[in-house]
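Architecture and fold: a report
Residues per chain, in single letters:
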Amino acid sequence: MSSEDAAAPGNPAGDGSGETGDTGDTDHENALQDVIAVDPDDVAQGTVNRLDAHTGDGIRHRAFTCLVFDRDGRILLAQRAPNKRLWDGHWDGTVASHPVEGQSQEDATEQRLEEELGISPDQYDDLRVTDKFEYKRYYPNEGVEWEVCAVLKVTLDDTALDPDDDEIGGMLWADYDHLHENPALYRQLRLCPWFEIAMRRDFS
């Protein structure tokens, strides 16, 4: 596991308090959930409130992103719904979230694939972890992501999808080799930072 800008300089969000107090985000659903705090080697350090982990300077925690492919080498890009607190409207490749205590990255990914995109386990048989990295990125005036992020990949035999509108704003299939080799051509999509890092590190 290597670090990707884990000690990013400065906080462009000022004092980082924009997610709480007058914004009313203490009532946000994330305030009712926990994530797993980790050290730089992804060793669990107990659980922390999910909202606390994403405000101020953040708390390093465990996360994952899953890249979903079809048999033609295309990747499914999913646009984060406009109601997302962080990186709303940005395009991800494809699902990103956090395992809960006692849950493996594979089990957490399987759960989120079904919840967000309606992809059931009988549509694939090759879900696997391929990479892991640490990164830290601020989202101005809203919060921060500071994660040790596992990268998983899966190839769909059946590409039937049933997206949850509360999670997914839009979807598109893109030629992965072209995207990987020419990321600047896709910047108008506003790609999520963790996806850009995962793709840049992908040598497979």
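Keep in mind it's a predicted model, so treat the numbers as computed, not measured.

Further remarks concern the overall build of the protein. Assigned secondary structure in the protein consists of 4 helices and 10 strands. Element order for the protein, N to C, with α for helix and β for strand: β-β-β-α-β-β-β-β-α-β-β-β-α-α. The buried share of the protein, taken over its 204 residues, is 51%. Restricting the contact set of the protein to residue pairs at least 6 apart, pairs at least 24 apart contribute 68%. Accessible surface, the protein: about 9500 Å² in total, of which carbon and sulfur atoms supply 44%.

Turning to the side chain of Asp 92, a few remarks are in order. Checked against the element boundaries, Asp 92 lands in strand E6 (residues 91-92). Summary of buried charges: Asp 92 has no salt-bridge partner, and the nearest side chain of opposite charge, Arg 80, is 4.8 Å away. Excluding anything up to four places from it in sequence, Asp 92 contacts Thr 65, Leu 76, Leu 77, Ala 78, Cys 192, Trp 194 and Phe 195.

Take the UniProt feature "binding site: Mn(2+)" (unreviewed entry) in the protein next. Feature annotation in UniProt places "binding site: Mn(2+)" (unreviewed entry) on His 54, His 61, His 98, Glu 145 and Glu 147, given in this structure's numbering. In terms of the greatest pairwise C-alpha distance, the residues named above, spread along 94 residues, form a tight cluster of at most 12.2 Å across. Mapped onto the fold, His 54 is located in the loop between helix H1 (50-53) and strand E4 (61-69). Judged by its relative accessible area of 2%, His 54 is buried. Polar side-chain contacts of His 54 include one of 3.2 Å to the side chain of His 61. Inspection of the secondary structure puts Glu 147 in strand E9 (residues 143-155). Beyond its immediate sequence surroundings of up to four residues, Glu 147 is in contact with His 54, His 61, Ala 63, His 98, Phe 133, Glu 134 and Tyr 135. Here the side chain of Glu 147 touches His 61 through a polar contact of 3.2 Å, side chain to side chain.

Turning to the packing of aromatic side chains, a few remarks are in order. When we look at a pair of aromatic rings, we describe it by the centre distance and by the angle of the planes. The full count for this structure, using the stated rule, is 2 aromatic pairs. Taking 5.9 Å as the distance between ring centres and 50° as the angle between the ring planes, the aromatic pair formed by Phe 133 and Tyr 135 counts as tilted. Assigned by exposure class, Phe 133 and Tyr 135 land together as buried. Lying over the aromatic face of Trp 146, Lys 136 brings its terminal NZ or CZ to 4.1 Å of the ring centre.

Once that is clear, we can look at the nonpolar core. A general trend in soluble globular proteins is that nonpolar side chains are found buried together. Grouped together as the largest cluster of nonpolar side chains are 25 residues, with contacts concentrated most on Ile 75, Leu 77, Leu 179, Leu 191 and Phe 195. Those elements giving two or more residues to this core turn out to be E4, strand E5 (74-80), strand E8 (128-139), E9, helix H3 (176-181) and helix H4 (193-200). Among the elements that line this core, the one with the most residues is H4, at 5 residues. If we ignore the near neighbours within four places in the chain, the residues touching Leu 191 are His 90, Trp 91, Leu 179, Tyr 186, Glu 196 and Met 199.

Another point: helix H2 (residues 105-117). In an α-helix, one turn spans 3.6 residues, which is why side chains three or four residues apart end up on the same side. Here H2 spans 17 Å end to end across 13 residues, near enough to the 18 Å set by a 1.5 Å rise per residue. Burial in H2 covers these residues: Gln 105, Ala 108, Thr 109, Arg 112, Leu 113, Glu 116 and Leu 117. The arc that holds the buried residues of H2, viewed along the axis, is 135°, so those residues lie on one side. Packed against the buried residues of H2 are E4, E5, strand E7 (95-97), E8, E9 and strand E10 (168-175). Positive backbone phi, approximately 70°, marks Gly 118, located one or two places after H2.

Before going further, it helps to examine H4. Extensive coverage of H4 is indicated by the burial of 6 of its 8 residues. Inspection of H4 places Pro 193, Trp 194, Phe 195, Ile 197, Ala 198 and Met 199 among the buried residues, and these make up the whole buried set.

Before going further, it helps to spend a moment on the pattern of salt bridges. Overall, the coordinates contain 13 salt bridges when judged by the stated rule. With a shortest N-O distance of 2.9 Å, Asp 126 and Arg 128 are connected by a salt bridge. Between Asp 131 and Arg 201 there is a salt bridge, and its shortest N-O distance comes to 2.8 Å. Taken together, the residues Asp 131 in strand E8 and Arg 201 in the segment after H4 connect sequence positions 70 residues apart. The structure contains a network of salt bridges with shared partners spanning Lys 84, Arg 112, Glu 115, Glu 116 and Glu 167.

Parameters and conventions
- Residues numbered from 1 in each chain as written.
- Predicted model: local features only at pLDDT ≥ 70, side-chain atom pairs only at ≥ 80, totals over all residues.
- Heavy atoms only, no water.
- Helix = DSSP H or I, 4+ residues; strand = E, 2+ residues; numbered from the N terminus.
- Buried < 20%, exposed > 50% of the residue type's maximum accessible area, 1.4 Å probe, protein only.
- Contact = heavy atoms within 4.5 Å.
- Areas by Shrake-Rupley, 256 points an atom, 1.4 Å probe, with all protein chains shown as cover.
- Lys, Arg positive; Asp, Glu negative; His and termini not counted.
- Salt bridge = Lys/Arg side-chain N within 4 Å of Asp/Glu carboxyl O.
- UniProt positions renumbered as here; feature names shortened; annotations may be inferred.
- Polar contact = N/O pair within 3.5 Å; in protein donor to acceptor, adjacent residues only side chain to side chain.
- Phe/Tyr/Trp six-rings, centres within 6.5 Å; stacked < 30°, edge-to-face > 60°.
- Lys NZ or Arg CZ within 6 Å of the ring centre and 35° of its normal.
- Core = buried A, V, L, I, M, F, W, Y, C linked by side-chain atoms within 4.5 Å.
- Expected span 1.5 Å × (residues − 1).
- Arc of directions from axis to C-beta.

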